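Structural overview
The primary structure of each chain is shown beneath.
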Amino acid sequence: MGRKGTGAVAVGECNRISIKYLQNNGYLIKGCATKGKLSWSDRRTGQQMAAITIYTVFGPIEKYIRLQYLHTDPHTGEARVMDYTIQIIEQPSNLGKGSVLYFQCPTTWRRCRVLYDAYHSPMFQCRQAFKQRIYYPAQQASKLLRPLESYLAVCDRLKQLTGYSRNAYTYDGKVTARAAKLAELQYKHDYLNKERWKYTTTRAPYKHLLPKPLKKGSTVQAAILKDPANRLALYCYVSPD
């Protein structure tokens, strides 16, 4: 008989607010105060799961966000109106130009770039503020699927960095930071590609379900397993040498 689930959640399953999202969507503009609405939807059904009102102030002295929403306690059913502010800290960049923005967690006072709402917490907090851990997908994966999860994360990051309209890899005779990061990710991509393929083709009961190794650069569709939730059935594999 299997044990009961721990109820652990991953970062992708939580409602989250990030500095990057606020900057990209016009919430953090110097000298301006803005108001908006943030909402989260179920990835499978598209149904809205939560929504909050957000006020942002980004002045020369005051920098903060103010969150307003209704929180319902899952145990007592009591509804509570939440209205609180989270300070924003601006630190000089270690590159010598510009600055980097951080949230100041309202619970631990740590600096962070992302705030999470998980485990029925009434407030948005940093990952370290929760008694229960918030996991990354690779940390929840089995030993069989861990290289695959890491490989997919690297592929997503490569797509982000190669999606710019201007692909300059040198500037003033020097390699750009993006070009150096691309080279590092490409190395990880090649290494993890071999690791995920090597492990899955040598472990039962999946060995007989996967195709025989092909030449480098060839692609083959993974065999459809009986369990549709298995990640092995959802991706195409590229075999190493």
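Everything here concerns the structure above.
Calculation notes
Residues numbered from 1 in each chain as written. Predicted model: local features only at pLDDT ≥ 70, side-chain atom pairs only at ≥ 80, totals over all residues. Heavy atoms only, no water. Helix = DSSP H or I, 4+ residues; strand = E, 2+ residues; numbered from the N terminus. Buried < 20%, exposed > 50% of the residue type's maximum accessible area, 1.4 Å probe, protein only. Contact = heavy atoms within 4.5 Å. Salt bridge = Lys/Arg side-chain N within 4 Å of Asp/Glu carboxyl O. Pairing = 2+ DSSP bridges.

Regarding the overall build of the chain
The secondary structure content of the chain amounts to four helices and 14 strands. Sorting the 241 residues of the chain into buried and exposed places 34% on the buried side. In the chain, of all internal contacts separated by at least 6 residues, the share reaching a separation of at least 24 is 41%.

A look at the pattern of salt bridges
Evaluation of the coordinates by the stated rule reveals four salt bridges. Of the charged contacts, one joins Glu90 and Lys63 as a salt bridge, the two residues approaching to 3.6 Å between their closest N and O atoms. Linking Glu90 in strand S6 (residues 79-92) with Lys63 in strand S5 (residues 63-72), this pair joins segments that are 27 residues apart in sequence. Assessed through its relative accessible area of 12%, Lys63 is described here as buried.

Describing the pairing of S5
Side chains Lys63, Ile65, Leu67, Tyr69 and His71 of S5 all project onto a buried face; the interleaved residues Tyr64, Arg66, Gln68, Leu70 and Thr72 project onto a face where none is buried. Summarising the sheet, strand S4 (residues 48-58) and S5 pair through six bridges and their orientation is antiparallel. Residue pairing in the sheet places Tyr55 in a bridge with Arg66 of S5. Linking S4 back to S5 in an antiparallel pair, the connection comprises four residues. The sheet contact formed by S5 and S6 spans nine bridges and is antiparallel. Bridge assignment links Tyr69 to a residue of S6, and that residue is Met82. What sits between the antiparallel neighbours S5 and S6 is a turn of six residues, in which Gly77 has the positive phi angle 75°.

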